[in-house]
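Listed below, chain by chain, are the residues.
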Amino acid sequence: MKLIVGIGNPGKKYEFTRHNAGFLVLDSFARKHNLTFTPSKFDFYQTGGEINSTPFILIKPTTYVNNSGIALLDLLSVSPVEHEDILVIHDDINLETGRIKIKRSGSSGGHNGIESIIYHLEDDSFPRLRFGIGNNFGKGEMADYVLDRFDPKESEVLDSGFDFAVNLTEIFISSGYKGMADFYSKSLKPPKEDKNAPLNE
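Quick caveat, the model's predicted, so the values are computed rather than measured.

Draft legend 1. Region of interest: the overall build of the protein chain. Counting secondary structure elements, the protein chain contains five helices and seven strands. N-terminal to C-terminal, the α/β element order of the protein chain is β-α-β-β-β-α-β-β-α-β-α-α. On C-alpha atoms alone, the protein chain measures out to a radius of gyration of 17 Å, which is about the 17 Å that the 2.2 N^0.38 rule sets for 201 residues. When each of the 201 residues of the protein chain is scored for burial, the buried share is 48%. In the protein chain, the share of contacts with a sequence separation of at least 24, taken over all contacts with a separation of at least 6, comes to 67%. Put simply, the protein chain shows about 11100 Å² of open surface, and 47% of that area lies on carbon and sulfur atoms. Measuring between centres, the 22 positive side-chain charges of the protein chain sit 2 Å from its 28 negative side-chain charges.

Here it is as structure tokens:
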């Protein structure tokens, strides 16, 4: 079993805002696999399925970003999985919009949603997928920036980022963190030159 957690804020007010990058990745995944999120008895929406015979659950907490760990802990109380089999997808202001990095474990990096999960799990050894949202804001403007909607001009780079994030998530489900990390590394390497290719004239 793999558990995929998207971090974001519930409600139409926050749809397509930068802080909801985790939700948006899960929405892209659900569309690709014809899945529908439904309310659970806990504070999250959920859906699930199988990839290569590996079952998975996707959840979108409704606890708001700063209390994301509460929803995850509730789910683990009824569907326990190893922490290494949990992938948390979240926004990151330290990466350019649409850029992705993965992380096996470690500190929150200042993200309140990750901090909440670490606090409630009493552990930081769970993988993350960090989705860049940029940092085009001035001093004291970060809160407004992350709660603002993405610029329509960013649609192309966002679509590419969402596609890559969905691919990584699929591989995490079927092959774990190592498989995802291998795919990530290969995807970032430039293609080898074909020495037999004709020169441009």
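Read on, since the account is not over.
Draft legend 2. Quick peek at the pairing of strand β3 (residues 44-51). Of the pairings in the sheet, the one linking strand β2 (residues 38-39) to β3 comprises two bridges and is antiparallel in character. Across the sheet, the residue bridging to Thr-38 is Gln-46, located in β3. Here eight bridges tie β3 to strand β4 (residues 54-61), and the two strands are oriented antiparallel to one another. The residue of β4 that forms the bridge with Thr-47 is Leu-58. Turn length for the β3-β4 hairpin, with the two strands adjacent in sequence and antiparallel, is two residues, and the turn residue Asn-52 shows positive phi of about 50°.

Draft legend 3. Just the layout of surface pockets, in detail. Considered as a void within the structure, the largest pocket measures approximately 440 Å³ in volume. In terms of lining, the largest pocket is formed by 24 residues, of which the most central are His-19, Asp-91, Gly-110, His-111 and Asn-112. Every element with two or more residues in the lining of the largest pocket is listed here: β5 (86-92), α3 (112-121), β7 (128-132) and α4 (142-146). By residue class, the composition of the lining of the largest pocket is eight nonpolar, eleven polar and five charged. One number sums up the size of the second largest pocket: a volume of about 270 Å³. Gly-11, Glu-15, Phe-23, Asp-27 and Lys-60 are the residues nearest the centre of the second largest pocket, which is lined by 15 residues in total. Per element, the largest residue contribution to the lining of the second largest pocket is three residues, and it comes from helix α1 (residues 21-32). Looking at side-chain class alone, the lining of the second largest pocket contains seven nonpolar, four polar and four charged residues.

Rules and cut-offs
Residues numbered from 1 in each chain as written. Predicted model: local features only at pLDDT ≥ 70, side-chain atom pairs only at ≥ 80, totals over all residues. Heavy atoms only, no water. Helix = DSSP H or I, 4+ residues; strand = E, 2+ residues; numbered from the N terminus. Rg over C-alpha atoms; globule rule 2.2 N^0.38 Å. Buried < 20%, exposed > 50% of the residue type's maximum accessible area, 1.4 Å probe, protein only. Contact = heavy atoms within 4.5 Å. Areas by Shrake-Rupley, 256 points an atom, 1.4 Å probe, with all protein chains shown as cover. Lys, Arg positive; Asp, Glu negative; His and termini not counted. Charge placed at Lys NZ, Arg CZ, Asp CG, Glu CD. Pairing = 2+ DSSP bridges. 1 Å grid on protein atoms, 1.4 Å probe; cavity = no way out; pocket = protein on both sides within 12 Å on 5 of 7 lines; lining within 4 Å. Points joined across faces, edges and corners; volume = space filled by probe spheres on them. Nonpolar A, V, L, I, M, F, W, Y, C, P; charged D, E, K, R; others polar.

Worth remembering: the numbers are spatial, not functional.
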